[in-house]
Structure formats: C-alpha cells, structure tokens
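Commentary on secondary and tertiary structure
Take a look at the letters that make up each chain.
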Amino acid sequence: MEFLLAITIGVMVAAAVYLMLARNVLRFIFGLILISNAANLAIFTAGRLTPGAPPLIKEGAYAPAEGVANALPQALVLTAIVIGFGLFAFALVLVYRAYTTLGTLYSDEMDAAEPKGPAQ
Amino acid sequence: MAAGHDEAKGNGFVGWLPVLLSAGIFAFFLQFLPQIAAGDTLRVEWAWAPSLGVALSFLVDGLSLTFALLISGIGTFVLLYSNSYLAGHPQYGRFALYLFSFMLSMLGLVLSDNLIGLFVFWELTTLTSYLLIGFDNESPKARRSALQALLLTGAGGLAMLAGLILLGAVGGSFEISQLVPQAEAIKGSGLYVPILILILAGTFTKSAQVPFHFWLPNAMAAPTPVSAFLHSATMVKAGVYLMARLHPVLSGTELWFWTLTIFGAVTAVFTSVLSLRQDDLKQALAYSTLMALGTLTMLLAPSSGYAITAFATFLVVHSLYKAALFLVVGCVDHGTGTRDADLLGGLARFMPFTAFTAALAGLSMAGLPPFIGYIGKELIYANTITAGDAATFVTVMALAANALMFAVAGVVALRPFWGKRGDTPLEPHEAPWPMLAGPMVLALLGLAFGLMPLLAEVNFTTPTVAAILGDAEKAKHLHLWAGVNTELMLSLATFAIGGLLLALYRPVRRFLEAADAATPSFDNGWDNILDALYRAAKWQTGILQSGNLQRYLFTIFATFVVAVGGTLLLKDAVNLGVALDDMNSPRHWPELVLIVAAALVTASSRSRMLAVAALGVQGIAVALIFISFGAPDVAITQLLVETLVVVLVAVAMLSLPFLDERGKNDRRPKDMVLAVLCGVVVSAVLIGVLQGPLDLRLTDFFETTAAPEAFGRNIVNVILVDFRAIDTFGEIAVIVVAALSAYALLRTTDSSRDRDEEEEELS
C-alpha cells in the first residue's frame, strides 16, 4: 500500500507543479494547496502505514498495545496542516489584494515595482 | 579651493586636536630611535584570532621605524597645513577624521608583523584613501578618481590576500619575522611563483607601477594636503614598503630580480617623460612620484648593500622633498588661484618664504649637492653600475629618469618663482605660517641630512638596511664627496641633460603633448574595462533576475529535478521492481483513484468551480487515508481545514475574474514535462525511503513516556501539547500573524483602485 501511495503522491506533486507554473496566480494557489497535501501525505507515508490502530493508551496501562500506528509523523503532519492553512489563507488574501490593486491575476503583469520597457 | 570658505573663523578645536595627537605619535616613535639605531628591534603581540594564526603583532625595526617617523612627522605637518588650507571649511571635521584615520591605518600597516594584520591595515588605507580622494564629493571627477583608486588597489589587494595566505601556508606562520628563516624553503616551493605574482599584483597596483599607474595622477582630485600625504610618504609607498618587508623572504631569485627591475625601470622612465609634459604643477609632481616609485622598486630588485642603502636613502629623500613640494604647490595655489605652469612666474617677490622652501626642496629633487638628494642619486648610480647583467640597462634608465627629474624640479620649484611675473587670477600673497612651517622644516631636513650625512646614516639608512638584509655591516656609507668616480661622471651627465631639457622646456613640452595625444590612453582603457564589466553585469542580471515569477519557479523546480533526480540515478538508490508488487490492497483503491482523478481535474480544468470542487474531493480523500491508517486526529483537522479552504476560495472567487481570458487556453507542454518529472522524482525518493530501514527510537520514547511522565493517553496530543509545546505555541503565533496580516491587507483602503473605478465609470 505504501508504494502505491508513493506513486499517488507523485501524481499530486506533478499536478501541483503544473498549476504553480501557470500565469494565473489563482492556479498557483490551487497548486499550493495540492502540494501541501502531497507533502503531508508523504510524511505520513514515510512513517509507515498501520491500518486501524490509533496511537492511544488504554485506561490503566502505561504503554500502548503492540503495533499501534506511528505517532510521530501524525504529530508532525498535524502541525504542518495548520501551518499550511495559515500560509494558504495569507496567500489567498494577497492574491485578492493584488487583484484589487493591480487589476490582474497574471503574475507577469504585476510589474508596478519594475515596469517593463527599455533598460535604464 | 579654500577661497570660498570663511577663513577667519578657522576650525577651532577640531583643527588643532589631530595636529597635537599626531605630534604626540611622532614623539612616541622618536623615543625608539636610539635603541633601533643601536641595532635592537622591538616586538609586541596581542592575540586576535589565535585559532587562525592571526595576531595583532607589531615589529619596530629600522625599516618600520623609518616609515613610522615619516608617516607621523609628515602627517603632523600636513594636518597643521590643512587647518589653514581648509580654514573654515564646513566639512573640516570629516576631513580631519579621514586624514587621521588614514595615518593610523598606515602606521598599522608598516608596524604589523602579521601578514593578515598587515592586510587588514592595507585595506583600511585603501578605504580611507577612497574617502580622502573623493572628499570633494560633489565633483564627479573626484568621485570617479576615488572609485578608480579603490577598485584598482582593492583588486590588487585581493590578489595579494591570496598570495599572503599561500605564503603563510607554505612558510608555516603568518608572522613575517618567523617567515624570514624559512626563506630558502619558500623559494624552493612549487608555490613560490604564484605567491610572488599574487603579492606583486597587490604591491604594483598600490605603488602605481606601469601599467597600473594611471590612478595616481587622477587621485590628485583630492585636496592638495591629501596629495602631499598620500603621494609622498604613505599610500603609494605601502607597496614599496611591503616589497622591502618581504625582501628577505622572497628576493634573490631571477624572477624577483627581473620583474622588479623591468617594471621599476619602465615606470621610472615612462612616467618621468609624462611628468615633463604636464602643465599643472600638481600633475607634474604626481608623475614624478611615479618615477620615484619606479626607482624604489628597481632598487629592491637586487640584494646588494649598494641597492638597499640607495633604497633607504632615496626613500627618505623622496618623502622629504615630495611632501614639501606638494605643500608648496598648495601654497602657490592658495596664494595665486592657479597651478598652471604657463601662468606662473616671478612669485619670489610676493612669496619669498614659499620660494625659498621650493628652492631647497627642488634642489634636493634635482639631486644637486649638498642636498641629501645628491647622495641618494650617487648611491643609485653606485648600485646600477654594479648590477651585473643588467648594469647597462638600469644605468641608462636611471640616467634618463634622473635627468628628467632634474628638469621637472626646475619646472616645479624654480620657474614659478623667478623670471617674468605671470598673469594669475589672484594678486599673489604669501601663505600663513602654519602652511609654511611644514614644507620649510621638511626642505631644511633635506639640506641638514645632506650636510650631515652621518645623521641620516646612523638613524635611518643603516637600520633599514639591517632590517632588510639582516646585517648592518652591508650598509654603505653616505658621503657628499666620494672622489672622482663613475658615479660623479654620471651625475654630471644628469645635470647636463637635465639642464638642456629645462632650457628647451617649451618645445620639449609641445613635442611631448603631441606624442601623448597620439598614443592610446590608459585612462580610457580603464573606462572601457569598466563599461564592459557593467554590460556583463547587466546581461547576467537580465538572465538570472528576469522578474518573472513563472521563470523563477521553473528554475527552482528544474534544479530540484536535476539535483535530486540526478543523485538518485547516480546512487542507484531505488528498486522499482519491489514497488510494483504492492497492488494487493483493494480496500483503499477508491481513495487513491479519487485523489489521482481530483488532482488531474484541478490541474486541467478551465472552470474555477470545477477546480475548487476537485480540490475539495482530493482533500477529503486524503482525510480518508488518514482515518484508515490510525490517524483520527489528523483526519479531523484535515477535514476541517479542507472545508475552510474551499469556503475561503469560493468567497474570494466572488470578486476575482475567470481563470483564462476568453479564447485563451492554458496548455503548457514544457511545464507539463517538468511537472511530470517532479512527480516522478518525488515518488522515487519516497519509494527509496520506504525501502530503507525505519528508525523508531523517537516513537518508542514518546510511547513509553507519554502516560508515565506526561499523564496523557493520546500520544499524538501529548507530543503536541507537552513534548513539543513551544513548537505548538510558535505555530499558534504563525497563525495569529497570518490572520493579522490578512486583516491588514483587507482593511487598508486602496485609493488607486477607487480612482481606476471612477475612471472606468466615467468612460
């Protein structure tokens, strides 16, 4: 299952990179969401998959049962999801604001700081 | 220069303080004179970066003490002189600070025994001289000259740093005094040639040897006292000093001898010809400085007692007369408003003290007895006629240069003061005493040392020879009269040729001006080099910094593919055969199919709604995978976030345009190839990771300590809020900052947008 998931993650990355390379920054945002998910899934998969055994400790016990899922990547992914969401929200507002100010969603037309034209 | 300021006001405290400080420094060094003259040396050391072998170590011997006295003595007079020359200048404080810092850097340079310490002081002189040459910062010419000096000597300095590091590595120490005993090993090493070339690149640029000479006359854009200081005893002598200092370590080879002889001789003759061509007195002196630097370089080529004694003598001679003459020219400029040789004449009546000083310094420069300049010249000839294979060449070159110097001395020191009165912009008047004191003392010293050569011999030349050759016995005596010998004949020939050149001054200068105009200019060559550099910089910046987000991202992803993918191929890290056996878990096929399909739809859709919906599907499928493999907490968070993402995008899209302009398509085959390659590389890396062993030590630690130590039963939660609590706190801070920034972006009113909208409504 891990190897199949590795290939799936590859497809996600390919789609994300293709979106991020687009002129339209809204597509870039879509790519950003996709590549965040791919990265989270990659961390999760690299910690190995264990079906149906969450890392919980039973009442009265001091250690989890044998063979529970790896807790470390889960903790990392949880953090990454939240941080990724913060990044996404900020990027989206930036895109929105860029559009209201500059009147375009195309990154190559956002050149207020360095207008195109003959070099000085 | 000084005419525009309120001279009556003076500079007050700021004017006198540096004079007193540098006089104090001079007195401090003067007290070492008897001890050094007796053959002792002093050394002090403070650790600086011991792990790198870098120390602040200072060595006082004959060579460094001679330089230190020249620097601090002339520095004192120059600061005294400047205080009147720039009286009431609004920026005098800045000027005095630069000049004083320069003097301290120069003292550090000549006293430092550590190669790296020496280099630091060397670069400090480069920087402070940049500030001094460009002091008149509103003049484009001054700025250009300052930058030229900085770039040229800075580039040489970098080459020199490489040479010094190699030298330290080969010799096993950065202390010069410890390198001297290693001289034979260093000369025998395979790195000797690169060391020599790199170090000479630094000293030749600093000491303005042809073909790096052109920055020095340009540096005359600085105020005259600065020129007097930089170009008599200090800045340009730094290169000569370093060659003298490293003479015991590096000299004695054919390469050393011929390089220094040829560069020195060519510089001396070429620049003394150019010196005679100048009509600006200051420029004439600048070129004659180059002649002196060439001669000093030439004298350092051999290791004979005559050569080094001549070096030590001429060093003192030149510093004394050149500083005096520069200051005299400043007095003339100050008193008449011009420095043009054609306009000046008969000034002796109006400026008697200046004329007297000029005559004394000029006679020393011309090499006439009984001045020390005569003794210096005799010693130069004594060296050249004993120079072995090179004797004829160097004697002819020295004769030519000295005869030309004789003529230049006449042009600078005699013609302005005698003969018919010229037509000057200002009514000539004598300079105030602080401007006369320095040049007069320096010029009188030239006479005093000439009349009492023993004074110079005991205190300066013999200790300097001892420092360079390691043996005071090798030093030659300084005589005014050594009997009728070849040197005397050569001197007489010098005077005859020089006198002839002076008599024919006008036709000779016209001829030289014509010749100069017909030959290509080094200065223009420099401009061409700089222009080419600017063009190259612009060209490569245009390629690397296109300002286009797509191109940047393309470069980043392509680099990722090449670097990571290339490493995988080279290391043969992935076994794909195993991966394909892994098709036997049909229970989870639906999620994978959903993810793949949703990703592809998002990437290819031209409809915003479809793309957002597909993104949502993909996010929920990822959450399903989390929940299937024992991560319910992650899955809940993922679901929540994914919902928020879709809602936010949908809200934002209410006021955003469609993805593609009408009729346009988003098909980018090149990007597609790169995207697929990225995907393949990520999959391959992940498969490689999965095939490797898994280190579970951290997980084991968390599993065994979660309940007993942190009293929690949900291990993931314990990790987040207990073991990595600060990390989680930081994460909360990031979210708060993102929220605040987003809020700020949304709230700030945008006037330009409103204006655009109004215009649209109007049209």
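Rules and cut-offs
Residues numbered from 1 in each chain as written. Chains lettered and ligands numbered in written order. Predicted model: local features only at pLDDT ≥ 70, side-chain atom pairs only at ≥ 80, totals over all residues. Heavy atoms only, no water. UniProt positions renumbered as here; feature names shortened; annotations may be inferred. Contact = heavy atoms within 4.5 Å. Buried area = accessible area lost by both parts, 1.4 Å probe. Salt bridge = Lys/Arg side-chain N within 4 Å of Asp/Glu carboxyl O. 1 Å grid on protein atoms, 1.4 Å probe; cavity = no way out; pocket = protein on both sides within 12 Å on 5 of 7 lines; lining within 4 Å. Points joined across faces, edges and corners; volume = space filled by probe spheres on them. Helix = DSSP H or I, 4+ residues; strand = E, 2+ residues; numbered from the N terminus. Nonpolar A, V, L, I, M, F, W, Y, C, P; charged D, E, K, R; others polar. Core = buried A, V, L, I, M, F, W, Y, C linked by side-chain atoms within 4.5 Å. Buried < 20%, exposed > 50% of the residue type's maximum accessible area, 1.4 Å probe, protein only. Phe/Tyr/Trp six-rings, centres within 6.5 Å; stacked < 30°, edge-to-face > 60°. Axes fitted to C-alpha atoms, helices over the stretch in contact; angles between N-to-C directions. Parallel < 35°, antiparallel > 145°, perpendicular 65-115°, else oblique. Left-handed = near helix turned anticlockwise from the far one by under 90°.

An unreviewed UniProt entry lists chain B under the name Na(+)/H(+) antiporter subunit A, with Pseudoruegeria aquimaris given as the organism.

Per an unreviewed UniProt entry, chain A goes by Na(+)/H(+) antiporter subunit C and derives from Pseudoruegeria aquimaris. Of the comments in the UniProt record for chain A, the one headed Subcellular location (unreviewed entry) reads "Cell membrane". Per UniProt, chain A carries the Sequence similarities (unreviewed entry) text "Belongs to the CPA3 antiporters (TC 2.A.63) subunit C family."

1. Looking at the interface of chain A and chain B
Chain A puts 87 residues into the contact, and the matching count from chain B is 107 residues. Of the roughly 8700 Å² buried between chain A and chain B, counting both surfaces, carbon and sulfur atoms make up 73%. Looking only at chain A, the three residues that lose the most surface to chain B are Phe3(A), Tyr18(A) and Leu21(A), adding up to 10% of its buried area. In this structure, the connection of chain A to chain B is made through zero salt bridges.

2. Quick word on empty space enclosed by the protein
Remark: the empty space left among the atoms is shown by a probe the size of a water molecule rolled over them. Across all of its chains, the model carries four cavities of 30 Å³ or more by this definition. If you go around the largest cavity, you meet 14 residues; those closest to its centre are Ser36(A), Asn37(A), Gly84(A), Phe85(A) and Val641(B). When residues of the lining of the largest cavity are traced back to their parent elements, those giving at least two are helix H2 (25-46) and helix H3 (71-102) of chain A together with helix H29 (632-653) of chain B. Taken together, the residues of the lining of the largest cavity sort by class into eight nonpolar, five polar and one charged. The volume enclosed by the second largest cavity comes to roughly 80 Å³.

3. Observations concerning the nonpolar core
Counting 180 residues, the largest nonpolar core has Leu167(B) and Leu250(B) as its most contacted members. If you tally residues by element for this core, the top one is helix H16 (residues 305-336) of chain B, at 18 residues. Contacts of Leu250(B), omitting those with residues within four sequence positions, involve Leu167(B), Ile186(B), Lys187(B), Tyr192(B), Ile195(B), Leu196(B), Ile199(B) and Trp256(B). Grouped together as the second largest cluster of nonpolar side chains are 85 residues, Ile29(A), Ala91(A), Phe629(B) and Ile687(B) included.

4. Observations concerning the UniProt feature "transmembrane region" (unreviewed entry) in chain A
Residues and elements named next belong to chain A. Feature annotation in UniProt places "transmembrane region" (unreviewed entry) on residues 6-22, 29-51 and 71-96, given in this structure's numbering. Helix makes up 88% of residues 6-22 and strand 0%. Its end C-alpha atoms lie 25 Å apart. Along residues 29-51 the backbone is 78% helical and 0% strand, and the end-to-end C-alpha distance reaches 32 Å.

5. Points about the UniProt feature "domain: MrpA C-terminal/MbhD" (unreviewed entry) in chain B
The sites that UniProt annotates as "domain: MrpA C-terminal/MbhD" (unreviewed entry) are residues 593-657 of chain B. Secondary structure within residues 593-657 of chain B divides into 85% helix and 0% strand; the distance between the first and last C-alpha atoms comes to 31 Å.

6. Observations concerning the packing of aromatic side chains
The final tally for this structure, using the stated rule, is 22 aromatic pairs over all chains. Judged by centre distance (6.3 Å) and plane angle (40°), the rings of Phe85(A) and Phe88(A) are tilted. A residue pair is termed a helical-turn pair when its members lie 3 or 4 positions apart in one helix, as Phe85(A) and Phe88(A) do in helix H3 at three residues. Per residue, the accessibility class of Phe85(A) equals that of Phe88(A), and both read buried. Aromatic side chains Phe701(B) and Phe723(B) sit 5.6 Å apart centroid to centroid with 55° between the ring planes, which places their arrangement in the tilted category.

7. Considerations on the packing of helix H3 (residues 62-85) of chain B against helix H20 (residues 433-451) of chain B
All names here are of chain B. Relative orientation of the contacting elements H3 and H20 amounts to 155°, with a least axis distance of 7 Å. Between H3 and H20, the interaxial angle falls into the category roughly antiparallel. Viewed along their axes, H3 and H20 form a crossing whose handedness is left-handed. Two secondary-structure elements touch here, H3 through Ile74, Phe77, Leu80, Tyr81, Ser84 and Tyr85 and H20 through Trp433, Pro434, Met435, Ala437, Gly438, Val441 and Leu442. The residue inventory of the contact of H3 with H20, partitioned by class, reads 11 nonpolar, two polar and no charged.

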